[in-house]
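Descriptive structure summary
Listed below are the residues making up each chain.
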Amino acid sequence: MLFVIFLAIYILTVLGNLLILMVIRVDSHLHTPMYYFLTNLSFIDMWFSTVTVPKMLMTLVSPEGGAISFYSCVAQFYSFHFLGSTECFLYTVMSYDRYLAISYPLRYSSVMSGRVCVLLAAGTWLTGSLHSAVQTTLIFHLPYCGPNQIQHYFCDGPPILKLACADTAAIEMVIFVNIGVVASGCFMLIVLSYVSIVCSILRINTSEGRHRAFQTCASHCIVVLCFFVPCVFIYLRPGSRDAVDGVVTVFYTVLTPLLNPVVYTLRNKEVKKALLKLKDKITFSQRYQGDSIGIPHAPALDTMLFVIFLAIYILTVLGNFLILMVI
């Protein structure tokens, strides 16, 4: 049952983020700094979920599938922290982008040029890579001679350190400070940006203008809270053995990447308009080009349709197989 649930969540996460990438690429009205950073976020979320969930699904299907080699564990740990810290930095850059757009609208287009956007995005990826490399080097240079099993569904720092046969107090403190400085630093910069944004919004004369400005930032605020609150709960309590930690870990590794596309599509009028325009283009293509495949589609969407119908087919087979098995 858990396998079917998490497989469905994973498929929806990948498809949802792919949909955002496709819509932003197709609609020229979304070729702005805000949506450029959103494409980076969707790409990260797609792979962030892929680092842990498929391995968890293998474990649910077969206990033997949960085994992972030392070097695979290193790769998983590095990828998880690389993508997670990059997302943390990206949220900070996105809040800075919103700050400039609302507080300095006349200077926004000149300050956030295409070159600046690329440099900011590249900086988040590079900084995330360095942050993860420090973590990985510190943890996997320790000697491991004890048990080789962790009470966790993926390779993460606190459970791995418990397997080391050396004093890990100093390394735990360094990692704690490292994660704490990065997470708290990014969060404080985001809070500072939004304090300035709120002050700027309150100076807007019309209620409609204030409403539009608040609506622009609402989606970003929701995903920031969904990302930072679970991370703070887990990583600032490294010695905790509370059972709720497992639930929180599943939330931010499995559900948070799914929430981002949902929030940015259901709450964002521009993305919803782009989706409707894409639907109209597909219908127009079918009506006037006379495709012979039998379903409304544009040739450029063949890959996307393949993934969607493959996902539906897999869920159909698994769902009916689950009914047969339970009965």
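Keep in mind the model is a prediction, meaning the values are calculated, not measured. (Residues numbered from 1 in each chain as written. Predicted model: local features only at pLDDT ≥ 70, side-chain atom pairs only at ≥ 80, totals over all residues. Heavy atoms only, no water.)

Here we take up the side chain of Arg98. Inspection of the secondary structure puts Arg98 in helix α3 (residues 70-103). Aside from chain neighbours lying at most four places away, what touches Arg98 is Met34, Tyr108, Tyr194, Ile197, Thr216 and Cys217. (Helix = DSSP H or I, 4+ residues; strand = E, 2+ residues; numbered from the N terminus. Contact = heavy atoms within 4.5 Å.)

Time to look at the UniProt feature "transmembrane region" (unreviewed entry) in the protein. In the numbering used here, UniProt assigns the feature "transmembrane region" (unreviewed entry) to residues 6-24, 36-57, 116-134, 175-202, 214-236, 248-266 and 305-326. Secondary structure content for residues 6-24 is 100% helix and 0% strand, and the end C-alpha separation is 27 Å. In this annotation, residues 116-134 is assigned 100% helix and 0% strand; the end-to-end C-alpha distance for the span is 27 Å. (UniProt positions renumbered as here; feature names shortened; annotations may be inferred.)

What follows covers the pattern of salt bridges. Inspection of the entire model under this criterion finds one salt bridge. Between Arg98 and Asp97 there is a salt bridge whose closest N-O contact spans 3.0 Å. Arg98 sits in the buried class, given a relative accessible area of 9%. Residue class for Asp97 comes out buried when judged on its relative accessible area of 1%. (Salt bridge = Lys/Arg side-chain N within 4 Å of Asp/Glu carboxyl O. Buried < 20%, exposed > 50% of the residue type's maximum accessible area, 1.4 Å probe, protein only.)

Close contact between helix α2 (residues 33-61) and α3 brings their axes to 10 Å; oriented N to C, the two are set at 160°. For the element pair α2 / α3, the angle class is roughly antiparallel. Regarding α2 and α3, the two cross each other, and that crossing is left-handed. Of the residues belonging to the contact of α2 with α3, the class tally is 15 nonpolar, six polar and five charged. (Axes fitted to C-alpha atoms, helices over the stretch in contact; angles between N-to-C directions. Parallel < 35°, antiparallel > 145°, perpendicular 65-115°, else oblique. Left-handed = near helix turned anticlockwise from the far one by under 90°. Nonpolar A, V, L, I, M, F, W, Y, C, P; charged D, E, K, R; others polar.)

Under the defined criterion, the tally for this structure stands at 17 aromatic pairs. Aromatic side chains Phe77 and Phe140 sit 5.5 Å apart centroid to centroid with 75° between the ring planes, which places their arrangement in the edge-to-face category. On the criterion of sequence distance, the pair formed by Phe77 in helix α3 and Phe140 in helix α5 (residues 114-140) is long-range, its members being 63 residues apart. Sitting over the face of the ring of Tyr104, Arg107 holds its NZ or CZ atom 5.3 Å from the ring centroid. (Phe/Tyr/Trp six-rings, centres within 6.5 Å; stacked < 30°, edge-to-face > 60°. Lys NZ or Arg CZ within 6 Å of the ring centre and 35° of its normal.)

Bringing the confidence of the model for the protein into the picture now. In the predicted model, the protein carries a mean pLDDT of 81, and 87% of its residues have values of at least 70. Taking the mean pLDDT of every element in the protein, the minimum, 66, falls on helix α10 (residues 269-289) and the maximum, 92, on α5. (pLDDT = per-residue confidence, 0-100.)

Turning our attention to the environment of Ile175. Summarising the element assignment, Ile175 is placed in helix α7 (residues 169-202). Placed 36 residues apart in sequence, Ile175 and Ile139 show a C-alpha to C-alpha distance of 9.0 Å. Excluding its chain neighbours within four sequence positions, the residues that come into contact with Ile175 are Gln135, Leu138, Ile139 and Leu161.

What follows is about the nonpolar core. One finds Phe37, Tyr91 and Phe228 to be the most contacted residues of the largest nonpolar core, which totals 50 residues. Elements represented by at least two residues in this core include exactly α1 (2-26), α2, α3, α5, α7, α8 (207-235), α9 (244-266) and α10. No other element matches α3, which puts 13 residues into this core. Setting aside chain neighbours within four positions, we find Phe37 in contact with Leu90, Val93, Met94, Asp97, Met112, Cys117, Leu120 and Ala121. Grouped together as the second largest cluster of nonpolar side chains are 14 residues, Phe6, Ile9, Leu15 and Val254 included. (Core = buried A, V, L, I, M, F, W, Y, C linked by side-chain atoms within 4.5 Å.)

Right, let's talk about the packing of α2 against α5 for a bit. Where α2 meets α5, the axes come as close as 10 Å, and the angle between the chain directions of the two elements is 25°. By the angle between their directions, the pair α2 and α5 is classed as roughly parallel. Pair α2 / α5 crosses with right-handed handedness. Residue-level inspection shows Pro33, Tyr36, Phe37, Asn40, Phe43 and Ile44 of α2 in contact with α5, the latter providing Cys117, Val118, Leu120, Ala121 and Trp125.

On to the environment of Val118. Looking at where Val118 falls in the secondary structure, it is placed in helix α5. Residue Val118 is classed as partly exposed on the basis of its relative accessible area of 45%. Through-space distance from the C-alpha of Val118 to that of Phe37 is 9.2 Å; in sequence the pair is 81 residues apart.

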